[in-house]
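Observations on the three-dimensional arrangement
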Amino acid sequence: MRIIMLGPPGSGKGTQGVLITERNGIPQISTGDLLRESRAKGTELGKKVAGIMDRGDLVSDEIVIDLIRERLQEPDAAAGFLLDGFPRTVVQAEALGELLADRSEKLDYVVLIDVTDDEIVGRLGSRRVCPACNAVFNIDSNPPVKDGICDECGGPLVQRDDDKPATIRSRLAVYHDQTESLVSFYKKLGLLAPVNGSIGQNAVSVEIEKMIGG
Ligand code: AMP
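Below is a summary of the structure that appears in this document.

So, how was this worked out
Residues numbered from 1 in each chain as written. Predicted model: local features only at pLDDT ≥ 70, side-chain atom pairs only at ≥ 80, totals over all residues. Heavy atoms only, no water. Helix = DSSP H or I, 4+ residues; strand = E, 2+ residues; numbered from the N terminus. Buried < 20%, exposed > 50% of the residue type's maximum accessible area, 1.4 Å probe, protein only. Contact = heavy atoms within 4.5 Å. Polar contact = N/O pair within 3.5 Å; in protein donor to acceptor, adjacent residues only side chain to side chain. Phe/Tyr/Trp six-rings, centres within 6.5 Å; stacked < 30°, edge-to-face > 60°. Near = heavy atom within 4 Å. Areas by Shrake-Rupley, 256 points an atom, 1.4 Å probe, with all protein chains shown as cover. Nonpolar A, V, L, I, M, F, W, Y, C, P; charged D, E, K, R; others polar. Pairing = 2+ DSSP bridges. Axes fitted to C-alpha atoms, helices over the stretch in contact; angles between N-to-C directions. Parallel < 35°, antiparallel > 145°, perpendicular 65-115°, else oblique. Left-handed = near helix turned anticlockwise from the far one by under 90°.

**Brief notes about the environment of Asp-117**
As for its placement among the helices and strands, Asp-117 is situated in helix H6 (residues 117–125). The partly exposed category is assigned to Asp-117, whose relative accessible area is 25%. For Asp-117 and Ile-199, which are 82 residues apart along the polypeptide, the C-alpha to C-alpha distance reads 15 Å. Other than its neighbours up to four places away in sequence, Asp-117 contacts Arg-169, Leu-172 and His-176. Looking at Asp-117, its side chain comes within polar contact range of the side chain of His-176, at 2.9 Å.

**Focus on the packing of aromatic side chains**
Counted under the stated rule, the structure contains one aromatic pair. When the ring of Phe-185 is compared with that of Tyr-186, the centres are 5.0 Å apart and the planes differ by 80°; the resulting orientation is edge-to-face. Of the residues examined, Tyr-186 reaches a relative accessible area of 1% and is grouped as buried.

**A look at the site of the ligand**
As a matter of local geometry, the ligand sits amid 16 residues, with Thr-31, Asp-57, Gly-85, Arg-88 and Gln-92 nearest to it. Within the side chain of Gln-92, a nitrogen or oxygen atom sits 2.9 Å from a nitrogen atom of the ligand. The separation between an oxygen atom of the ligand and a polar side-chain atom of Arg-160 is 3.3 Å. Notes on the ligand: free accessible area 480 Å², of which the protein chains cover 96%. Partitioned by chemical class, the residues of the shell around the ligand number six nonpolar, four polar and six charged.

**Some thoughts on the pairing of strand E3 (residues 81–84)**
A regular strand places its side chains on the two faces of the sheet in alternate fashion. Burial along E3 is two-sided: the face carrying Phe-81 and Leu-83 and the face carrying Leu-82 and Asp-84 are both buried. Pairing analysis gives four bridges linking strand E1 (residues 2–6) to E3, with the strands arranged parallel. Looking across to E3, one finds that Ile-3 is bridged to Leu-82. Here strand E2 (residues 28–30) pairs with E3 via three bridges, running parallel. Bridge pairing in E3 links Gln-28 to Leu-82.

**Thoughts on the packing of helix H4 (residues 61–72) against helix H5 (residues 90–102)**
The geometry of H4 relative to H5 is characterised by a closest axis approach of 10 Å and an angle of 30° between their N-to-C directions. Looking at the two axes, H4 sits roughly parallel to H5. The element H4 and its partner H5 pack so that their crossing is right-handed. In contact with Asp-61, Val-64, Ile-65, Arg-69 and Leu-72 of H4, H5 contributes Val-91, Gln-92, Ala-95, Leu-96 and Leu-99. Tallied by class, residues from the contact of H4 with H5 come to seven nonpolar, one polar and two charged.

Note that every value here comes from positions in space, so none of it alone points to a role or purpose.
Now the structure itself:
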C-alpha cells in the first residue's frame, strides 16, 4: 500500500501514520524526521536547512525531492510506504508522480486530516517529542507516564523550536499558502480520503481504517 498523509502541521499525521504503518507493515517516511536527523548529525544539508526550518518555512523542493528519491530506493519501501510531510507543494506532488511512474507504481490513498487553525495552535503548544526515537506526546491529551521522559526509550522529551507560538502561525500560513492546494490536486485524481481530525485520536484511527481498510 502507498499512502500520503496530508493535513496541517499538528493535525495528527505522524501519530495516525504510525498506526497505519503498523497495521500494514510498511515504513513511515517523514521528510521532517529525515531533515531533523541531518541536522542532528551536523551534515552540510543539516546546516543548510536549520534556519529555514526554525522559521517554519519550507526547504527547497529540490532538497526534499532528492531525499525522498533516495529513501524510496531502500529495500523496505519496495512493497509500499506511507509519506508523512511530503509532498507539501504541487511541484513536489508532480515530482512524486513521475518518480512512482518510473517505478511502475501508483498511490492508493491520500489521507487528509482536517483540523482548524485554533485547535492546531493549542495542540502544538503542548506537543513534546523525543529527539532520540521520534516518539510524540502531548502534555494535555497524551502525556508520558513520567514527566518529561519518553515512554518508548527513556530519553528526555523536548519542545520542538518550531512548535513555539509565533512559528506555529507561520507554519500554518505556509500550509494554507503552499500545501492546501494539494487537496484539490489529489481530489481530482480520486485519491482523497478525508477525515475530521477533531474527534479524538482513537476515533480518527477507526475512521481511517474504515476508508482505507487494513
Ligand atoms: P514536519 O516535521 O513535517 O512538520 O517538518 C518540519 C519542517 O521541515 C517544516 O516546517 C519544513 O521546514 C521542513 N520540511 C519537512 N518536509 C518538507 C517538505 N516536504 N517540503 C519542504 N520543507 C519540508
